[in-house]
Every structure is written in structure tokens, then in C-alpha cells.
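The chain contents come next:
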Amino acid sequence: IAVLVLVIGFIIQSYISKGFIYSLAASDIDALVFLVQSYGNYGLFSYLLLVVLEVVIAPIPGLALYAAGGVLFGSFWGGLIAVGGNVVGAGICFKIAEKWGRKRFEANVEGKKLDLFNKYADKYGILAMFVLRINPFTSSDIFSYIAGFTRMKFWHFMLGTFLGLTPLVFIQSY
């Protein structure tokens, strides 16, 4: 609960002070470029961290951030860094949900439905993640948390996430 309160406080403070969250919400690419450049030699690391943060604080859209990465590092390297940050962030979301949400989820779903849900998550996990991630009209970050509630194999989740996000993130970086 304390972590959740801190995260919500950060989001509100960042939005009110026209910081990172505000710049993302407003799709202000110039402000995001300036923010990353303000870290000097640590710009690449700060950009990677911002992408991870954008994913963990779902459902903030990342389009402006990926475009800023393309401006800062070029479309290839910006896209590669953004994909890496997305995959790391998605893995963190999955593990958060797995550790703190799965038992509650399982307690609130009927046994037969839960078994069926987990069976499909295991059988179609990679494909489901790929389709959800490659679709440009969905905010796919929230699906990382939902996948963590299931019995989907972590590596299936990560592979589907990587394959689905890569084309879209590179296009947005370009």
C-alpha cells in the first residue's frame, strides 16, 4: 500500500509540476527530449528508466517517449532501447501481479473457470501477448498485469511481448 501511495503521489506531483507524466500525457516530444538531455552522460540510462516507468505506470501512452528516443538516439538505437525498456517493464508488471495479485484473482474466480482460463493462458499465451502487443489501438501495458494473474509461463509472456512490441515501437521511434 505504501508503494502504491508513493507511485500515485509521484504521478500527481509530476503532472502538476508539468514533469515527465505531464509531458507524456500531452505528447510533448520536445519536453521529453529536453528531460533526457538534461541528464547529460546518463541520458541513455535515464531514457531506459523512463520507458520502464512508463510501462509500470500503465496505461500511460508511450508514443511520445518512443518518438523522443528516435530523436535522441536515432530510430534504430532509440527503438532498441525502447523495446528493451518495454520488455523489462512488462516483466516487472507481470511479477508484481504474480506476487501480489494472483492469489486474490484465484480466490475470486470459480474453480472450473479458473482452470479453463489458465489452460488457455498456457496454450495461447505467446500468441495472445503478440496480438495484444502488436495492436496499435490498445494500451498494452495493462495486459502485463493481467497476464501475471494467470499461470502463463513467464518466458512465454516475455517472448510474446518482445515479438509483439518490436515492430510497433520501432515504427514509433522512426
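The present account deals with the structure reproduced in this document. Just so it is clear, the model here is predicted, and its values are computed rather than measured. Position numbers for residues start from 1 in each chain and track the written sequence from start to end. A pLDDT threshold of at least 70 governs which residues receive local features in this predicted model, and a stricter bar of 80 or more applies before side-chain atom pairs are shown or counted, although totals over entire chains, interfaces and linings include all residues. To obtain the side-chain values, all non-hydrogen atoms of the structure were used and water was disregarded.

**Description of the pattern of salt bridges**
Step number 1: One speaks of a salt bridge when a side-chain nitrogen belonging to Lys or Arg is within 4 Å of a carboxyl oxygen belonging to Asp or Glu. All chains considered together, the criterion is met by two salt bridges.
Step number 2: A salt bridge links R102 to E98; its shortest N-O distance comes to 3.4 Å.
Step number 3: For each residue, the accessible area found with a 1.4 Å probe, counting protein chains only, is set against the maximum for its type, and the residue is called buried under 20%, exposed over 50%, and partly exposed in between. Taking the relative accessible area as the measure of exposure, E98 reaches 26% and is therefore partly exposed.
Step number 4: Each of K95, E98 and R102 takes part in a single network of salt bridges with overlapping partners.

**So, the layout of surface pockets**
Step number 1: Note on definitions: the grid is 1 Å and covers protein atoms alone; a cavity is a set of points where a 1.4 Å probe fits but cannot get out; a pocket is an open set with protein on both sides within 12 Å along at least five of seven lines; lining residues have an atom within 4 Å of a point. Grid points are joined across faces, edges and corners, and a volume is the space filled by probe spheres set on the points. Here the largest pocket is characterised by a volume of approximately 650 Å³.
Step number 2: Along the walls of the largest pocket sit 14 residues, with V3, L4, I96, W100 and Y145 positioned nearest its centre.
Step number 3: Those elements that place two or more of their residues in the lining of the largest pocket are α1 (2-16), α6 (75-100) and α9 (141-149).
Step number 4: Among the elements that line the lining of the largest pocket, the one with the most residues is α1, at five residues.
Step number 5: A class-by-class count of the residues in the lining of the largest pocket yields 13 nonpolar, no polar and one charged.
Step number 6: By volume, the second largest pocket amounts to about 250 Å³.
Step number 7: In terms of lining, the second largest pocket is formed by 20 residues, of which the most central are G62, Y66, T138, S140 and Q172.
Step number 8: Labels follow the DSSP assignment, with helices taken as runs of H or I lasting at least four residues and strands as runs of E lasting at least two, numbered in each case from the N terminus. Counting residues per element, the lining of the second largest pocket draws most heavily on helix α10 (residues 154-173), which supplies four residues.
Step number 9: Of the residues contributing to the lining of the second largest pocket, the split by class is ten nonpolar, seven polar and three charged. Each residue gets one label: Ala, Val, Leu, Ile, Met, Phe, Trp, Tyr, Cys and Pro are nonpolar, Asp, Glu, Lys and Arg are charged, and the others, such as Gly, are polar.

**A few points about the side chain of R102**
Step number 1: By the secondary structure assignment, R102 is in helix α7 (residues 102-107).
Step number 2: Any pair of nitrogen or oxygen atoms within 3.5 Å is treated as a polar contact; in protein, a donor-acceptor pairing is required on top of that, and neighbouring residues in sequence qualify only through side-chain atoms on both sides. Here E98 takes part through its side chain, which lies 3.4 Å from a polar atom of the side chain of R102.

**Describing the packing of aromatic side chains**
Step number 1: To pair, rings of Phe, Tyr and Trp, with the six-membered ring standing in for Trp, must have centres within 6.5 Å; the planes then decide the type, stacked if under 30 degrees apart, edge-to-face if over 60, and tilted in the middle. Inspection of the entire model under this criterion finds eight aromatic pairs.
Step number 2: Centre to centre, the rings of Y47 and F73 are 5.5 Å apart; their planes meet at 55 degrees, and the pair counts as tilted. Of this pair, Y47 sits in helix α4 (residues 43-56) while F73 sits in helix α5 (residues 63-73), and the two are 26 residues apart along the sequence.
Step number 3: According to the relative accessible area criterion, F73 is partly exposed, its value standing at 23%.
Step number 4: Members of the aromatic cluster, each reached through a chain of ring pairs, are F76, W77 and F170.
Step number 5: We count a charge as sitting over a ring when the NZ of a lysine or the CZ of an arginine lies within 6 Å of the ring centre and within 35 degrees of the ring normal. The ring centre of F154 lies 4.6 Å from the NZ or CZ of K95, which sits over that ring.

**Describing a nonpolar patch on the surface**
Step number 1: Only residues whose relative accessible area exceeds 30% and that form no salt bridge are eligible for patches; like-charged ones are grouped when within 9 Å, while nonpolar side chains (Val, Leu, Ile, Met, Phe, Trp, Tyr) are grouped when within 5 Å. Using the Shrake-Rupley algorithm and a 1.4 Å probe, accessible areas are obtained, with residue cover drawn only from the displayed protein chains. On the surface, L116, Y120, Y124, L127 and V131 cluster together into a nonpolar patch covering about 470 Å² of accessible area.
Step number 2: Examined against the element boundaries, Y124 turns out to sit in helix α8 (residues 111-134).
Step number 3: Look at Y124 and you get partly exposed, because its relative accessible area is 37%.

**With respect to the environment of G164**
Step number 1: Among the structural elements, G164 can be located in helix α10.
Step number 2: In what follows, a contact means two residues having at least one pair of non-hydrogen atoms within 4.5 Å. The contacts of G164, once residues within four sequence positions are left out, are F130, R133 and I134.

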